[in-house]
Amino acid sequence: FNADPFDMQPLVVVGAQGAKLPFVATLQELAFYTWIVSQDGCGLRSLLQHRFEQERLALKIGIEALGSDLRLSLAARGVGITMATPTAVEQSAVREKLQIIRVENFVPRVKAWLVYRSPAGRLAKPLGCLGDALKAEVEMFDLKPDSRCS
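Residues numbered from 1 in each chain as written. Predicted model: local features only at pLDDT ≥ 70, side-chain atom pairs only at ≥ 80, totals over all residues. Heavy atoms only, no water.

Peer 1: In this structure, what is going on with the overall build of the protein? I would like to understand it.
Peer 2: From N to C terminus, the protein includes 5 helices and 8 strands. Once the C-alpha set of the protein is aligned to its principal axes, its extents read approximately 55 × 35 × 25 Å. By the burial criterion, 39% of the 150 residues in the protein qualify as buried. Accessible surface, the protein: about 9,300 Å² in total, of which carbon and sulfur atoms supply 54%. (Helix = DSSP H or I, 4+ residues; strand = E, 2+ residues; numbered from the N terminus. Buried < 20%, exposed > 50% of the residue type's maximum accessible area, 1.4 Å probe, protein only. Areas by Shrake-Rupley, 256 points an atom, 1.4 Å probe, with all protein chains shown as cover.)

Now the structure itself:
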């Protein structure tokens, strides 16, 4: 397989609005909360586990849930806290029920990749066009006034 990066996106920690969550917290403080994470092997989960291990903290995993929509929905219901991109939070049907928690000394980011089977052969040119289009779309989005959650 081949993989070409096309974007780097920030991540935010979110939980249920009105769940008495802090607006600003440290990882040490968030270690007391139950986390809603992706399946084992997912980059978001690995990033979170690695950082907790660096801080010598236990990560309390409450639920493994596929997809940011499900994780955000569970967080909005008060099941736990989770991480997502600001865009996923902004576009979520439950965004009004979520609170972003700014985490001190923790600025997680995730890289988006275009992954395809090699050799690409006759698909090399269409894949190149797709990659260019994705990069252009991301650049256009990034040039718009910042409507992302922060």
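Peer 1: I would appreciate a short explanation of the packing of aromatic side chains in the present structure.
Peer 2: The way to describe two aromatic rings as a pair is by their centre distance and the angle between their planes. Considering all chains together, one arrives at 1 aromatic pair under this definition. Judged by centre distance (5.8 Å) and plane angle (85°), the ring pair of Trp35 and Phe52 falls under edge-to-face. A residue pair is termed long-range when its members are at least 10 positions apart, and Trp35 in strand β4 (residues 35-37) and Phe52 in helix α2 (residues 43-54) qualify at 17 residues. Overall, the relative accessible area of 1% leaves Phe52 in the buried class. (Phe/Tyr/Trp six-rings, centres within 6.5 Å; stacked < 30°, edge-to-face > 60°.)

Peer 1: Can you help me understand the pattern of salt bridges in this one?
Peer 2: A full pass over the atoms with the stated rule returns 2 salt bridges. As a salt-bridge pair, Arg45 and Glu64 come within 2.5 Å of each other at their nearest N and O atoms. Of the two residues, Arg45 is situated in helix α2 and Glu64 in strand β5 (residues 61-64); the sequence distance between them amounts to 19 residues. Its relative accessible area of 8% is what places Arg45 among the buried residues. Among the residues examined, Glu64 registers a relative accessible area of 48% and is labelled partly exposed. (Salt bridge = Lys/Arg side-chain N within 4 Å of Asp/Glu carboxyl O.)

Peer 1: Any chance you could explain the confidence of the model for the protein here in plain terms?
Peer 2: Where the model shows low pLDDT, its predicted coordinates should not be examined in detail. Averaged over all residues, the pLDDT of the protein equals 88, while 93% of them reach at least 70. Across the protein, strand β2 (residues 12-16) holds the top mean pLDDT of 98, while helix α5 (residues 124-143) sits lowest at 78. For residues 143-150, every residue scores under 50 in pLDDT, and the model assigns this stretch 12 contacts once sequence neighbours within four places are set aside. (pLDDT = per-residue confidence, 0-100. Contact = heavy atoms within 4.5 Å.)

Peer 1: Just checking my understanding: could you explain a nonpolar patch on the surface for this structure?
Peer 2: Together, Phe1, Trp113 and Val115 line one region of the surface with nonpolar side chains, adding up to about 390 Å² of accessible area. Tracing the chain through its elements places Trp113 in strand β8 (residues 109-116). (Patch = residues over 30% accessible without salt bridge, like charges linked within 9 Å, V, L, I, M, F, W, Y side chains within 5 Å.)

Peer 1: Quick question: what am I supposed to make of the side chain of Ser38 here?
Peer 2: Within the secondary structure layout, Ser38 lies in the loop between β4 and α2. Overall, Ser38 belongs to the buried group, its relative accessible area being 4%. A distance of 3.0 Å separates polar atoms of two side chains, one belonging to Ser38 and the other to Arg71. Excluding its chain neighbours within four sequence positions, the residues that come into contact with Ser38 are Leu44, Arg45, Glu64, Ala65 and Arg71. (Polar contact = N/O pair within 3.5 Å; in protein donor to acceptor, adjacent residues only side chain to side chain.)

Peer 1: Any chance you could explain unusual backbone geometry here in plain terms?
Peer 2: Peptide bonds are trans in most cases, and residues, glycine excluded, mostly fall at negative phi. For Lys20, which is not glycine, the phi torsion reads 60° and is therefore positive. In this fold, Lys20 is placed in the loop between β2 and β3 (24-25). Taking the relative accessible area as the measure of exposure, Lys20 reaches 78% and is therefore exposed. With a phi close to 60°, Asn105 is a non-glycine residue in the positive phi region.

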